[in-house]
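Given next are the chains, with one letter for each unit.
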Amino acid sequence: GQQVMQIPQYQHVQEGEDFTTYCNSSTTLSNIQWYKQRPGGHPVFLIQLVKSGEVKKQKRLTFQFGEAKKNSSLHITATQTTDVGTYFCAHSSSWGADGLTFGKGTHLIIQP
Amino acid sequence: EAQVTQNPRYLITVTGKKLTVTCSQNMNHEYMSWYRQDPGLGLRQIYYSMNVEVTDKGDVPEGYKVSRKEKRNFPLILESPSPNQTSLYFCATGHSGANVLTFGAGSRLTVL
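Residues numbered from 1 in each chain as written. Chains lettered and ligands numbered in written order. Predicted model: local features only at pLDDT ≥ 70, side-chain atom pairs only at ≥ 80, totals over all residues. Heavy atoms only, no water.

Looking at the layout of surface pockets
Gaps between atoms show up when a probe of the same size as a water molecule is rolled over them. Short version of the rule: A cavity here means a set of points on a 1 Å grid, drawn over the protein atoms and nothing else, where a 1.4 Å probe fits but cannot get out; a pocket is an open set with protein on both sides within 12 Å along at least five of seven lines, and a residue lines either one if it has an atom within 4 Å of a point. Grid points are joined across faces, edges and corners, and a volume is the space filled by probe spheres set on the points. Only DSSP runs of H or I covering at least 4 residues are called helices, and only runs of E covering at least 2 are called strands; the numbering of each starts at the N terminus. Basically, the charged four are Asp, Glu, Lys and Arg, the nonpolar ten are Ala, Val, Leu, Ile, Met, Phe, Trp, Tyr, Cys and Pro, and anything else, Gly included, counts as polar.
Put simply, the largest pocket is a space of about 470 Å³. Lining the largest pocket are 28 residues, with Gln37(A), Gly40(A), Gln37(B), Leu88(B) and Arg108(B) positioned closest to its centre. Those elements that place two or more of their residues in the lining of the largest pocket are β9 (85-91) and β11 (106-111) of chain A together with β4 (31-38), β9 (87-94) and β11 (107-111) of chain B. Taken together, the residues of the lining of the largest pocket break down into eleven nonpolar, twelve polar and five charged. By volume, the second largest pocket amounts to about 250 Å³.

Structure representation (structure tokens):
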């Protein structure tokens, strides 16, 4: 599937600071999903965005899908130690064609 | 309890010794897939299956085989493992059209 680039690869923050990771594509995406993987764990689905300009919130997490559907972001407000892990974006070109393609992930490291 | 079960969770083997990693799900999901996760490379899709007897190559299928004889099972076969197949493997499943994946706990494979 078409590649998506995630930045940054690593992010160190102090506990309580905000954190943002970005997912960018050179072509229009039909959808974007976000997953979280805790250290030593497996990826867990967080959310899916499908509409241009869509914004969704889950407590301290805010997810956005760009107007052109070529980029997405995940923002965490006031990070906590439980937010530690790797955040992946993923997309499918169309269900039934090639499954999900994942970005390389952003590793969030939180210093207490 | 809804779950995706992978076995074995850990395996150390030697080059050329055939092995199978099993994946079983109890959620009646049509879609099943295998990913490998390597440092710096994120999650890369090996094979996927849209339903029984339907399988397709992902991005990195070389050296792997799969089968989907039953809806609940999707084994990953390494006919002649090589050291470059040392990796963390995840099975993931979902309903067709939903785009949301549920991952197994992972299988860490080391090929000496």
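Observations regarding the state of the cysteines
To keep things clear, this is the line we draw: In plain terms, two cysteine sulfur atoms within 2.5 Å form what is called a disulfide here. Any residue under 20% of the maximum accessible area for its type is buried, any over 50% is exposed, and the rest in between are partly exposed; the area is computed with a 1.4 Å probe on protein chains only.
Evaluation of the coordinates by the stated rule reveals two disulfides over all chains. Note that Cys23(A) is cross-linked by a disulfide to Cys89(A), the S-S spacing being 2.0 Å. The chirality of the disulfide connecting Cys23(A) with Cys89(A) is right-handed, given an S-S dihedral of about 70 degrees. Within this pair, whereas Cys23(A) is found in strand β3 (residues 19-24), its partner Cys89(A) is found in strand β9, the two being separated by 66 residues in sequence. For Cys23(A), a relative accessible area of 1% translates into the label buried. Covalent S-S linkage joins Cys23(B) and Cys91(B), the inter-sulfur distance amounting to 1.9 Å. On the sign convention where negative means left-handed, the S-S torsion of about -70 degrees between Cys23(B) and Cys91(B) marks this disulfide as left-handed. Here the residue Cys23(B) occupies a position in strand β3 (residues 19-25), and Cys91(B) occupies one in strand β9, the gap between them amounting to 68 residues.

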